[in-house]
Amino acid sequence: QSDKEYVGFATLPNQVHRKSVKKGFDFTLLVAGESGLGKSTLVNSLFLTDLHKDRKLLNAEERINQTVEITKHTVDIEEKGVKLKLTIVDTPGFGDAVNNTECWKPITDYIDQQFEQYFRDESGLNRKNIQDNRVHCCLYFIPPFGHGLRPVDVQFMKALMEKVNVVPLISKADCLTPGEMKKMKDRVREETDKYGLKVYQFPDCDSDEDEEFKQQDRELKESTPFAVIGSNTVVEARGQRVRGRLYPWGIVEVENPSHCDFVKLRNMLIRTHMHDLKDITCDVHYENYRAQCIQQMTSKLTQDNRVESPIPILPLSTPDVETEKLIKMKDEELRRMQEMLQKMQQQMHEQDL
Amino acid sequence: MEHSGASIHLSAVVNVFVTFSNEEKRSLSLGGHVGFDSLPHQLVSKSVTQGFCFNILCVGETGIGKSTLMNTLFNTMFENEEASHYQNGVYLRPRTYDLQESNVHLKLTIVDTVGFGDQINKEDSYRPIVDYIDTQFENYLQEELKIKRSLFNYHDTRIHICLYFISPTGHSLKSLDLVTMKKLDSKVNIIPIIAKADTISKSELHKFKIKIMSELVSNGVQIYQFPTDDEAVTEINSSMNAHLPFAVVGSIEEVKVGNKMVRARQYPWGVVQVENESHCDFVKLREMLIRVNMEDLREQTHARHYELYRRCKLEEMGFKDTDPDSQPFSLQETYEAKRKEFLSDLQRKEEEMRQMFVNKVKETEAELKEKERELHDKFEQLKRMHQEEKRKVEEKRRDLEEEMNAFNRRKVAAETLSLSQPLKKDKDKKK
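Residues numbered from 1 in each chain as written. Chains lettered and ligands numbered in written order. Predicted model: local features only at pLDDT ≥ 70, side-chain atom pairs only at ≥ 80, totals over all residues. Heavy atoms only, no water.

Details of the overall build of chain A
As a reminder of what qualifies: Secondary structure counts use DSSP, requiring at least four H or I residues in a row for a helix and at least two E residues in a row for a strand, with both numbered from the N terminus. Two residues form a contact once any of their heavy atoms are found within 4.5 Å. Computed with a 1.4 Å probe, the accessible areas rest on the Shrake-Rupley method; for each residue, only the protein chains presented here act as cover.
Secondary structure summary: chain A contains 9 helices and 9 strands in total. At a minimum sequence separation of 6, the contacts of chain A that also span at least 24 residues come to 68%. Carbon and sulfur atoms make up 51% of the accessible area of chain A, which totals about 21500 Å².

The following block contains the structure:
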């Protein structure tokens, strides 16, 4: 096309790119799982920083009646001019006590709190500097020592699947031989279906992508749940310095795809699907929360007969289930009465004849 | 003279014997080979013919490798299906096998804890285990207290060793581990082992072991110490004590290493050999558990744990070793006292029952008498009414008769009058 016909909006992607680099990104990651499964090590390996300096681990005795805490670490990291504000939410104490009934409650409460805060901010008058602390992704660590999902795993994922993108991981994968690993993954996938657990699904790639990309996408989907290994140490293997674990019988390389799925996880989480995770959080989980919240509020309002509401919202367009039922019933009655009336009229008419 | 000499001699001998009982034991040297050095052999051949029995309890989470380790230790494929994580509670599954090696028969019972560590609320997880151990002790005690007992061919099901499988987190014990081991340490010999140890590197393992042992010590958990009082094994045992808890790897699959087939686990990054001491402590565990200390474990179970149970149980039942005057009570006396107590109890109960019966009978009697009296009264009343009525009716009848008579008289009078009158008329006419 000649220069005259060239309009120029093809530069839009570049403009978006520039603006976003200037604005910077943020991402909140929640890690959950029992103590000792390698959560902190994995996060360090993923983001190549040491987030957990000087942390104190509790003894077994102290953990008998431990409650779940929520701790936040925020770091600003930069790569090639792109700034990322990364928040890691940790859940020390999850699953560690002897009685773990509802140990996920502090976590669901935390997620709801972040939604509520965003909801208020979004509905406020001054919306210039909204802080988005909503949890974009939850990495759930499944222990590799058992035969698949345990009751506490199932309950946790059930409680969280409607509120956040759950990515289950098989932790400490250097405990399973390749055959055992396949069995474990099949087991976990089977049980995920069986118990109706909704975990984060990769979006299907467009039909016009090339075959290689589709193949990669298929492989990615088939290797979930990812089996990961983390390491804080660098060792020498095959003449290179790599992150790995040194054993008397060999060296496990964290970034070797034939050793574990760490690379797949990193690619998925950071390099390709980070934005998709954020989008789903905003479009699906947050919207669900918001709709629920509003419904609860308006039903309370109609009960209390208050005119003002603290948040500017549109009036409820869809009636709730109760009134609908009543309306249906009344309609039925009306119809029956009309039928009877018709019959009576007919009878009278016949009598007259 | 000889006579008296002999008597003196005799009395001297008697004196020796008398003083003997007050002196300390003294050792004598033998003049030749007597032959009682074969006693241990006799004991051994007797126990070999009898056969040995050994009971292992494996406590650990589902999937931690208990069954695989048993298979690896005894080099046998014990049949077992994989357990599920969704049991409602913890239950124990004992299985007995008959094994033989050279001419030694071993009756091996392996008790598995199914469902341990899977529940969300694990506060009662230790209870079925403690109950099982106590039940085995109870069964043995019952057998021991029988009148006609056959301890020599009693199948001893008491747990000789509890292998506690620790999850290889690398940090420390889990809270459930601590709580459970504290409940078990006074009832059974515990050897803690780190399961699936091929997931921990050497440096991490060292720190992990130290942390575990310090936690056990600071919480007063008594684990089994390999005995160091027997010269033959003191050195190896004390060095093994320093390696606790053993970090083990189990496998029944064989991999070719060099030009041999060894039991191992094959990873993309290397091969973990089960019997390689620089890879894991499996060999140490086997050595300690089976080859060196099996008999000591049985002895400890009987002499320490069982005796403790027995003492507690009997004290509960009211037996004491010494009476209030601190004189030793004989079991017979205690039995007699108990028996008397029991019989008097029985008598008292009988009396009570009889009393109750008598009371009841009296009550019923009184009731019946009351009813009888009422009936009688009613009868009297009815009789009187009846008489009353009869009298009235009699009166009426008499009245009626009176009337009838009066009427009859009048009638007769009237008749005669009417008869005499017509005659009179006739008479009047004739004149």
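Regarding the overall build of chain B
As a reminder, the rule being used: Only protein chains enter the accessibility calculation, which uses a 1.4 Å probe; a residue is then buried when its area is under 20% of its type maximum, exposed when over 50%, and partly exposed in between.
Along chain B, the regular secondary structure elements total 10 helices and 9 strands. Expressed as a percentage of its 431 residues, the buried residues of chain B come to 36%. Counted over contacts in chain B with a minimum sequence separation of 6, partners at least 24 positions apart contribute 66%. Here chain B displays about 28900 Å² of accessible surface, and carbon together with sulfur accounts for 55% of that area.

Things to note about the sheet that holds strand S3 (residues 104-114) of chain B
Residue and element names in this part refer to chain B. Under the convention used in this document: Pairing between two strands is assigned when DSSP locates at least 2 bridges connecting them.
Taken together, the 6 strands give an open sheet; going across it, the order is S2-S3-S1-S4-S5-S6, and neighbouring strands pair in mixed fashion. In this open sheet, the two edge strands, each paired with only one partner strand, are strand S2 (91-101) and strand S6 (246-247). By the bridge criterion, 7 bridges tie strand S1 (residues 52-59) to S3 in an arrangement that is parallel. Across the sheet, residue Phe 54 finds its bridge partner in S3, namely Leu 108.

Section: the sheet that holds strand S8 (residues 260-267) of chain B
Residue and element names in this part refer to chain B. Our working rule: Convention adopted: a line fitted to C-alpha atoms gives each axis, helices being fitted over their contacting stretch, and angles between N-to-C directions are expressed from 0 to 180 degrees.
Pairing is antiparallel in the open sheet, where 3 strands are placed in the order S7-S8-S9. Edge positions in the sheet fall to strand S7 (254-257) and strand S9 (270-273), since each of these pairs with one other strand and no more. Across this sheet, the average inter-strand angle for adjacent strands is 65 degrees, counted without regard to direction.

Observations regarding the pairing of S2 of chain B
Residue and element names in this part refer to chain B. Note that S2 and S3 share 11 bridges and pair antiparallel. Considered in S3, the bridge of Tyr 91 is made with Val 114. Counted along the chain from S2 to the antiparallel partner S3, the turn is 2 residues long, and its residue Ser 102 has a positive phi close to 45 degrees.

Re the interface of chain B and chain A
Cut-off, in case you're wondering: A quick way to say it: buried area is the sum, across both parts, of accessible area lost when two parts are put together, with a 1.4 Å probe. Any carboxyl oxygen of Asp or Glu within 4 Å of a side-chain nitrogen of Lys or Arg constitutes a salt bridge here. For the purposes of these results, a polar contact is taken to be a pair of N or O atoms within 3.5 Å, where, inside protein, one atom must be able to donate a hydrogen and its partner to accept one; residues adjacent in sequence count only when each atom of the pair is a side-chain atom.
Of the residues lining the interface, 44 residues belong to chain B; the matching set on chain A comes to 51 residues. Between chain B and chain A, a total of about 4000 Å² is buried, with carbon and sulfur atoms accounting for 55% of that surface. Taken as a group, Tyr 86, Ile 120 and Trp 269 of chain B account for 21% of the area that chain B buries against chain A, more than any other trio of residues on that side. In this structure, the connection of chain B to chain A is made through 3 salt bridges. Close ionic contact of Lys 174 of chain B with Glu 34 of chain A constitutes a salt bridge, the shortest N to O distance being 3.2 Å. The tally of links between chain B and chain A comes to 17 residue pairs in polar contact (both at pLDDT 80 or more).

Observations concerning the pattern of salt bridges
Oppositely charged side chains are able to pair whenever their charged atoms sit close together. By the definition in use, this model includes 50 salt bridges over all chains. Ionic pairing is found between Arg 134 of chain A and Asp 132 of chain A, a salt bridge with its closest N-O pair at 2.8 Å. Both residues of the pair, Arg 134 of chain A and Asp 132 of chain A, belong to the buried class. A salt bridge links Arg 263 of chain B to Glu 275 of chain B; its shortest N-O distance comes to 2.7 Å. Pair noted here: Arg 263 of chain B is in strand S8 and Glu 275 of chain B is in the loop between S9 and helix H8 (282-292), with a separation of 12 residues, a long-range link.

Section: unusual backbone geometry
What is expected of a backbone is that most residues other than glycine have negative phi and most peptide bonds are trans. Pro 225 of chain A follows Thr 224 of chain A through a cis peptide bond whose omega is -5 degrees. For Pro 225 of chain A, the location among the structural elements is in the loop between helix H6 (211-222) and strand S6 (226-227). Of note, Lys 172 of chain A is a non-glycine position whose phi angle comes to about 45 degrees, a positive value. Among the structural elements, Lys 172 of chain A can be located in the loop between strand S5 (166-170) and helix H5 (178-194). A positive phi angle, near 55 degrees, is found at Asn 75 of chain B, a position not held by glycine. Mapped onto the elements, Asn 75 of chain B comes out in the loop between helix H3 (66-74) and S2. The exposure class assigned to Asn 75 of chain B is exposed, which follows from its relative accessible area of 62%.

What to know about the pairing of strand S4 (residues 137-142) of chain A
Residue and element names in this part refer to chain A. Counted residue by residue, S4 has 6 buried out of 6 residues, so it is predominantly covered. Going residue by residue along S4, you find Cys 137, Leu 139 and Phe 141 tucked away on one face and Cys 138, Tyr 140 and Ile 142 tucked away on the opposite face as well. Note: strand S1 (residues 25-32) against S4, 4 bridges, orientation parallel. Of the residues in S4, the one forming a bridge with Val 31 is Leu 139.

Things to note about a nonpolar patch on the surface
Residues and elements named next belong to chain B. Our working rule: Residues enter a patch when their relative accessible area is above 30% and they make no salt bridge; the linking distance is 9 Å between like charges and 5 Å between nonpolar side chains (Val, Leu, Ile, Met, Phe, Trp, Tyr).
A cluster of nonpolar side chains, Leu 30, Val 34, Phe 36 and Leu 39, forms an exposed patch at the surface whose accessible area comes to about 430 Å². Structurally, Leu 39 can be placed in helix H2 (residues 39-50). On the basis of relative accessibility, which here comes to 49%, the residue Leu 39 falls in the partly exposed class.

Details of the confidence of the model for chain B
Short version of the rule: pLDDT is a per-residue confidence score from the predictor, ranging from 0 to 100.
For chain B, the average pLDDT comes to 84, and 88% of its residues sit at 70 or higher. The low-confidence segment residues 1-20 of chain B (pLDDT under 50) makes 1 contact with residues lying over four places distant or belonging to another chain.

A few points about helix H3 (residues 105-123) of chain A
Rules: Helix span is expected to be 1.5 Å times the residue number reduced by one.
Between the first and last C-alpha of H3 of chain A there are 27 Å, a value that for 19 residues agrees with the 27 Å anticipated at 1.5 Å per step. Within the span of H3 of chain A, buried status applies to Ile 107, Thr 108, Tyr 110, Ile 111, Asp 112, Gln 114, Phe 115, Tyr 118, Phe 119 and Ser 123 of chain A.

Regarding the UniProt feature "site: Important for dimerization" (unreviewed entry) in chain A
Put simply, the test is: UniProt positions are given in the numbering used here, feature names are shortened, and annotations may be inferred rather than shown by experiment.
Those places that UniProt annotates as "site: Important for dimerization" (unreviewed entry) correspond, in this numbering, to Phe 145 of chain A. Note that Phe 145 of chain A resides in the loop between S4 and helix H4 (151-160). Of the residues examined, Phe 145 of chain A reaches a relative accessible area of 4% and is grouped as buried. Leave out the neighbours within four places in its chain, and Phe 145 of chain A touches Leu 37, Lys 172 and Cys 175 of chain A together with Thr 62, Gly 63, Ile 64, Ser 167, Pro 168, Lys 196 and Thr 199 of chain B.

Observations concerning empty space enclosed by the protein
Residues and elements named next belong to chain B. As a reminder of what qualifies: The rule is simple: put a 1 Å grid over the protein atoms alone, call a set of points where a 1.4 Å probe fits but cannot get out a cavity, call an open set with protein on both sides within 12 Å along at least five of seven lines a pocket, and count a residue as lining if it has an atom within 4 Å of a point. Grid points are joined across faces, edges and corners, and a volume is the space filled by probe spheres set on the points. The classification used treats Ala, Val, Leu, Ile, Met, Phe, Trp, Tyr, Cys and Pro as nonpolar, Asp, Glu, Lys and Arg as charged, and all other residues, Gly among them, as polar.
Tallying each qualifying case throughout the model produces 6 cavities of 30 Å³ or more. Estimates place the volume of the largest cavity at around 120 Å³. Along its surface, the largest cavity is lined by Cys 58, Lys 66, Ser 67, Met 70, Asn 71, Phe 78, Asn 80, Arg 93, Arg 95, Tyr 97, Ile 110 and Asp 112. Those elements that place two or more of their residues in the lining of the largest cavity are H3, S2 and S3. A per-element tally of the lining of the largest cavity places H3 first, with 4 residues. Taken together, the residues of the lining of the second largest cavity sort by class into 2 nonpolar, 3 polar and 7 charged.

A few points about the nonpolar core
Our working rule: To define a nonpolar core, start from buried Ala, Val, Leu, Ile, Met, Phe, Trp, Tyr and Cys residues and group those joined through side-chain atoms within 4.5 Å.
Within the largest apolar cluster, 117 residues are counted, with the highest numbers of intra-cluster contacts made by Leu 139 of chain A together with Leu 163 of chain B. Sort the elements by how many residues they give to this core and helix H4 (residues 127-145) of chain B lands first, with 7 residues. Beyond its immediate chain neighbours, meaning those up to four positions away, Leu 163 of chain B contacts Ile 56, Leu 57, Cys 58, Val 59, Met 70, Ile 191, Ile 193, Leu 285 and Leu 289 of chain B. By size, the runner-up hydrophobic cluster in this structure holds 33 residues, among which are Val 89, Ile 107, Leu 160 and Val 188 of chain A.

Points about the environment of Asn 232 of chain A
All names here are of chain A. Summarising the element assignment, Asn 232 is placed in the loop between S6 and strand S7 (234-237). The spacing of Asn 232 and Thr 49 is 183 residues in sequence and 9.2 Å in space, taken between C-alpha atoms. For Asn 232, the side chain forms a polar contact with the side chain of Asn 44, separated by 3.3 Å.

Quick notes on the packing of H3 of chain B against H8 of chain B
Packed helix pairs are characterised by how far apart their axes lie and by the angle those axes make with each other. Residues and elements named next belong to chain B. Let me state the cut-off plainly: Angles below 35 degrees are treated as roughly parallel, those above 145 as roughly antiparallel, those between 65 and 115 as roughly perpendicular, and all remaining angles as oblique.
Contact geometry of H3 with H8 gives a least axis separation of 11 Å together with a crossing angle of 70 degrees. The angle between H3 and H8 falls in the class roughly perpendicular. Here Leu 69, Thr 72, Leu 73 and Phe 74 of H3 lie close against H8, whose contacting residues are Phe 282, Leu 285, Arg 286, Leu 289 and Ile 290. Taken together, the residues of the contact of H3 with H8 sort by class into 7 nonpolar, 1 polar and 1 charged.

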